[in-house]
Amino acid sequence: MEYVSAVPVPQPRAQAATAPDATGSRRSLAAGLLLGAVGATVVLLASGQTWAEGKAAVGGGFLPLTADGQDVTGLPAALAIVGLAALVAVFAVRSGGRLLVAGLLALSGLGAGVSAYLGASDSSALDEKAAQTTGDASATIDALSHTPWPYVTAAGGLLILLAGLLALRYGKLWPTMSGRYERDGTPRPRRTPRTAPDPDRPEDLWKALDRGEDPTREV
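Residues numbered from 1 in each chain as written. Predicted model: local features only at pLDDT ≥ 70, side-chain atom pairs only at ≥ 80, totals over all residues. Heavy atoms only, no water.

Visitor: Account for the side chain of Ser108, with residues named and values stated.
Guide: In this structure, Ser108 sits in helix 4 (residues 95–119). Once residues within four sequence positions are removed from consideration, Ser108 is found in contact with Leu79, Val82, Gly83 and Ile160. (Helix = DSSP H or I, 4+ residues; strand = E, 2+ residues; numbered from the N terminus. Contact = heavy atoms within 4.5 Å.)

Visitor: Pulling in residues and values, what's your account of the sheet that holds strand 2 (residues 61–68)?
Guide: In spatial order, the strands read 2-1-3; together these three strands make up an open sheet with antiparallel pairing. Strands with a single pairing partner mark the edges of an open sheet, and in this sheet they are strand 2 and strand 3 (141–146). Each neighbouring strand pair of the sheet contributes to a mean axis angle of 15°, computed without reference to strand direction. Across eight bridges, strand 1 (residues 50–58) lies against strand 2 in antiparallel orientation. The residue of strand 2 that forms the bridge with Ala57 is Phe62. (Pairing = 2+ DSSP bridges. Axes fitted to C-alpha atoms, helices over the stretch in contact; angles between N-to-C directions.)

Visitor: Now, about the pattern of salt bridges: what can you tell me, with residues and values included?
Guide: Counted under the stated rule, the structure contains one salt bridge. The salt bridge involving Asp71 is made with Lys129; its shortest N-O contact spans 3.3 Å. Pair noted here: Asp71 is in helix 2 (residues 69–72) and Lys129 is in helix 5 (residues 124–134), with a separation of 58 residues, a long-range link. Assessed through its relative accessible area of 36%, Asp71 is described here as partly exposed. (Salt bridge = Lys/Arg side-chain N within 4 Å of Asp/Glu carboxyl O. Buried < 20%, exposed > 50% of the residue type's maximum accessible area, 1.4 Å probe, protein only.)

Visitor: Got a sec to walk through the confidence of the model for the chain? Specific residues and values, please.
Guide: In the predicted model, the chain carries a mean pLDDT of 78, and 70% of its residues have values of at least 70. Segment residues 14–18 is flagged for pLDDT under 50; beyond a separation of four residues in sequence, or across chains, it makes zero contacts in the model. Here residues 179–185 is a poorly scored stretch, pLDDT under 50, and it has three contacts once near neighbours within four places are set aside; other chains count. (pLDDT = per-residue confidence, 0-100.)

Visitor: So what's going on with the nonpolar core? Residues and values would help.
Guide: One finds Ala80, Val90, Phe91, Leu105, Ile160 and Trp174 to be the most contacted residues of the largest nonpolar core, which totals 15 residues. Residue assignment for this core shows that the elements contributing at least two residues are helix 1 (13–47), helix 3 (75–89), helix 4 and helix 6 (149–170). With 13 residues, the next largest nonpolar core counts Ala67, Ala125, Ala130 and Ile141 among its residues. (Core = buried A, V, L, I, M, F, W, Y, C linked by side-chain atoms within 4.5 Å.)

Visitor: Which residues make up helix 3, and what values go with them?
Guide: Taking 1.5 Å per residue as the helical rise, helix 3 with its 15 residues ought to reach 21 Å, and the 21 Å between its terminal C-alpha atoms agrees with that figure. Among all positions of helix 3, only Pro76, Ala77, Leu79, Ala80, Gly83, Ala86 and Leu87 are buried. (Expected span 1.5 Å × (residues − 1).)

Visitor: Before we move on, can you summarise the packing of aromatic side chains with the specific residues and values?
Guide: Aromatic ring pairs are reported here in terms of the distance separating the ring centres and the angle at which the planes meet. Scanning all chains against the criterion turns up two aromatic pairs. Judged by centre distance (6.2 Å) and plane angle (70°), the rings of Tyr117 and Tyr151 are edge-to-face. Linking Tyr117 in helix 4 with Tyr151 in helix 6, this pair joins segments that are 34 residues apart in sequence. Assessed through its relative accessible area of 45%, Tyr151 is described here as partly exposed. Geometry around Tyr170 places Arg169 over its ring, the cationic atom sitting 4.6 Å from the centre. (Phe/Tyr/Trp six-rings, centres within 6.5 Å; stacked < 30°, edge-to-face > 60°. Lys NZ or Arg CZ within 6 Å of the ring centre and 35° of its normal.)

Visitor: Which residues make up the packing of helix 4 against helix 6, and what values go with them?
Guide: Orientation of helix 4 relative to helix 6, taken along the N-to-C sense of each, is 165°, at an axis distance of 7 Å. Looking at the two axes, helix 4 sits roughly antiparallel to helix 6. Here the hand of the crossing between helix 4 and helix 6 comes out left-handed. (Parallel < 35°, antiparallel > 145°, perpendicular 65-115°, else oblique. Left-handed = near helix turned anticlockwise from the far one by under 90°.)

Have a look at this one:
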């Protein structure tokens, strides 16, 4: 004879369903941190490289001049620093604040990439250097050429933008930095009061001195 139990058998599907969410959270967190950190580093390093080269007419010859990313535009480097700060701040805020910070992270990457891309064809920085070098305000640059570094900077901004998009999409699943320092409501164990050292036992006096206590003070 077979007996049918009326008690429902627990199904482990709920646990299995949460596993992909936890895995996706860890992967998106690692990807966001990596993209943001690498992107900001690329922008900061590439902004210090030579972006444009040219020659200014001086007397009967030409003077070679170069302009780095900071000469052309300081916006990508500044936005990369903002992006780094936003990347750290994502873990210090929650809910709506996290969305705002994630949006700032994405916008800083977008701004860094667009400004670097526009600076790839800029000639005003070298024209200004030519005017300062020759003392002629109307001096311009001849044989102007640009290096790949502005596009490398723009690629770094794109990485920061991707980190921001990941934070917008999965940031609500990421842990909060301040959570570990908050009290969880569990009662803390009480410290047992220390008894005063027995003056007739020298070892108790020495132990009290080692703890920085005054063995002559009454408790």
